[in-house]
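Topology and contacts: notes
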Amino acid sequence: MANTERLNALRKVTLAREEVGKTRTNPDLTDTQRNLVNDTYTALLDTESTLLHEVLQDEIVALTSHADALAKLASRLQRSTESLKKLGATVKTVANVIGVLAEIIAKAVSVGLL
């Protein structure tokens, strides 16, 4: 599933979970209805969590790819003319920052913080 599709699905699941969450507080629900609503809420919450995890994984891959591409361009700039060396250093710094950000997000996802 493409990232845009995942994001759209995530939005819909989140909206449904919020609506079901409001219904959970309805005092007029029977025990059977309340159990059904609670089961639905739990299923939506699990689905939301899975979609969010998949979106984050896609973003980590994209950030890593961007960091790699920028690092290669920075290297080429630094090997180019004297006037482009400073620009290459700037791009290398950005590539490093993006790479570290991808690593931080990946670690946060792997330990369940995100």
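In short, a report on the structure. Since we're looking at a predicted model, the values are computed, not measured.

Topic: the nonpolar core
Grouped together as the largest cluster of nonpolar side chains are eight residues: Leu10, Val13, Val20, Leu29, Val37, Tyr41, Leu44 and Leu51. Listed by contribution, the elements that provide at least two residues to this core are helix H1 (3–23) and helix H2 (31–78). Counting residues per element, this core draws most heavily on H2, which supplies four residues. In contact with Leu29, other than residues within four places in its own chain, are Thr23, Arg24, Arg34 and Val37. Among the nonpolar cores identified, the runner-up in size contains six residues, and Ile60, Leu63, Ile105 and Val109 belong to it.

Observations concerning a nonpolar patch on the surface
A contiguous nonpolar patch, built from Val111, Leu113 and Leu114 and spanning about 340 Å² of accessible area, is present on the exposed surface. Leu113 sits in the exposed class, given a relative accessible area of 68%.

How each quantity is defined
- Residues numbered from 1 in each chain as written.
- Predicted model: local features only at pLDDT ≥ 70, side-chain atom pairs only at ≥ 80, totals over all residues.
- Heavy atoms only, no water.
- Core = buried A, V, L, I, M, F, W, Y, C linked by side-chain atoms within 4.5 Å.
- Buried < 20%, exposed > 50% of the residue type's maximum accessible area, 1.4 Å probe, protein only.
- Helix = DSSP H or I, 4+ residues; strand = E, 2+ residues; numbered from the N terminus.
- Contact = heavy atoms within 4.5 Å.
- Patch = residues over 30% accessible without salt bridge, like charges linked within 9 Å, V, L, I, M, F, W, Y side chains within 5 Å.
- Areas by Shrake-Rupley, 256 points an atom, 1.4 Å probe, with all protein chains shown as cover.
- Salt bridge = Lys/Arg side-chain N within 4 Å of Asp/Glu carboxyl O.

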